[in-house]
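Residue-level listing of the chains:
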Amino acid sequence: MKIPTLLVLICCIYAKRTPRGVVDNTLHIVNDTEHRYLPDWSDLDSRPLPEWYDRAKVGIFVHWGVYSVPGYGSEWFWNHWIGGDKNIKDFMKNNYPPWFTYQEFAPMFKAEFFDPDFWAALFEKAGAKYVVLTTKHHDGYTLYPSRRSFSWNALEVGPKRDLVRELATSIRKRNMKFGIYHSLYEWFNPMYLEDKGADFTTQIYPKGKLWPDIKQLINDYKPSVLWADGDWDATDKYWNSTELLAWLYNDSPVKDEIVVNDRWGIGSYCHHGDFFNCADAYNPGELQNHKWENAFPLDSKAWGYRRNIAIFDILSINRLIKEVVTTVSCGGNVLINVGPTKEGTIAPIFQERLVSLGDWLSVNGEAIYGTSPWFYQNDSENHDVWYTCTKTRYDDVHPTAVPRRNDVVTAIYAMFLKWPSDNVLKVRDLWSYLQRGNYQIQLMGNNDTYLKWTYSNGLISIQLPDRSTTKSQHAWALKLFTN
């Protein structure tokens, strides 16, 4: 039968506009490769989330740069110094000549002990599945040979190395994903200041510096994550954000794998992006309807390295595991930040925390990696208990959705942060599921034993083994499944 030309045209247009991952029940055909995203938020926001990111759950953030040389205050050292911060002004007055400039720190950023293979091995041992490196912070110094940052990059001044390429190579050898952080603005870049002085009615900086830099990074290093920041002075129209994202999703060499966050201009936080950050150390404690990420530093006072750090400033292992458990239960990923030294070493206290987390994940990771939110996140009776589950189907359009009618749930996980003194864990929200079938309960790490449970007054009481026999020390996970 001959199909009218107009109908064929309409069908082709419809196929191109149908989001990937959605099957058109009328035509029964959707060609993924034909969809081209338009440079507007409504279309960009329809992009399904690449599956790797949702399954990864745990990432490492690295804030490293010239600010690691003074190692005082925070990674905002230069900005605060110029802004008149008394502590920093006194620090400079007491330790450096009066004519000393921030740029003179750069030759001291030598990274002489930087061993990317060691970093990668450490991050792998921590249980990370992806690593995001600050390729450029707000001071404009790049850790790669930017073609637009003359004499202000790691190949020309400081280490005399392409730090981005070295770390990317080592990370990928360990089968982790490599991502990049890149600040949109630069505090004292003359092009940016000229645009700012014109109330952002000109685009000298984004066209002449920012987008060429980002496209160089994407083409040369092919990252799986682009973590934007420093966007808050201007709207997405000044940054030309939608045009860049359309290029990323349509024509870049990582168009099918890349994920981006939500920092693309005033008003974009918690609204646009493959995953939302919303704010630093964002952890809402309840299920979100969009994929999100909790990015937080191990040093509670800064993201970059501080030479005067105190032990009390470092997150405890219990707090770190709690962040992981509560975030993943509510549909998020964690991005755990460390700030290396100017020499390229990672402080032993940071190493200890990461290794301890990895030890915990080696026992309980099944309750974290590849999981989805369950019907409940935090038990309504026992607030130290958090839930996840595994399903046979990945939902790339709604990855944070609770199980739907046609989903097959293969296991439910109950993670608890405190061990009950009587070795009996009491919860409320498992009852309606335990009564439905022949569920078995195991404590992760003690998989040779099925735990007994009873029901009374709306509560499930699960008899735990003696704590001395468990492999975890800081938090534990139960697995519920049917034979």
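Residues numbered from 1 in each chain as written. Predicted model: local features only at pLDDT ≥ 70, side-chain atom pairs only at ≥ 80, totals over all residues. Heavy atoms only, no water.

Peer 1: I'd love a proper account of the state of the cysteines, names of residues and values included.
Peer 2: In the structure shown here, the tally under the stated rule is 1 disulfide. A disulfide bridge connects C270 with C278, and the sulfur atoms are separated by 1.7 Å. Across the S-S bond of C270 and C278 the torsion is about 100°, and the bridge reads as right-handed. Looking at C270, the relative accessible area reads 30%, which means it is partly exposed. A relative accessible area of 14% places C278 in the buried class. There is no disulfide at C330, and the cysteine sulfur nearest it, in C389, is 13 Å away. For C330, a relative accessible area of 0% corresponds to the buried category. (Disulfide = S-S within 2.5 Å. Buried < 20%, exposed > 50% of the residue type's maximum accessible area, 1.4 Å probe, protein only.)

Peer 1: Could you give an account of the pairing of strand β9 (residues 409-416), naming the residues involved and the relevant values?
Peer 2: Of all 8 residues in β9, 6 are buried, a share of seventy percent or more. Two strands pair when backbone bridges link them, and strand β8 (residues 385-391) and β9 are joined in this way by 7 bridges, in the antiparallel orientation. Residue pairing in the sheet places T390 in a bridge with A411 of β9. Note: β9 against strand β14 (residues 476-482), 5 bridges, orientation antiparallel. Directly across from I412, in β14, lies its bridge partner L480. (Helix = DSSP H or I, 4+ residues; strand = E, 2+ residues; numbered from the N terminus. Pairing = 2+ DSSP bridges.)

Peer 1: Please provide a residue-by-residue account of unusual backbone geometry, values included.
Peer 2: Positive phi outside glycine occurs at A111, with the angle close to 55°. Topologically, A111 is positioned in the loop between α5 (86-95) and α6 (116-125). On the basis of relative accessible area, A111 is assigned to the buried category, the value being 0%. Residues other than glycine seldom take positive phi values, yet S151 does so here, at roughly 60°.

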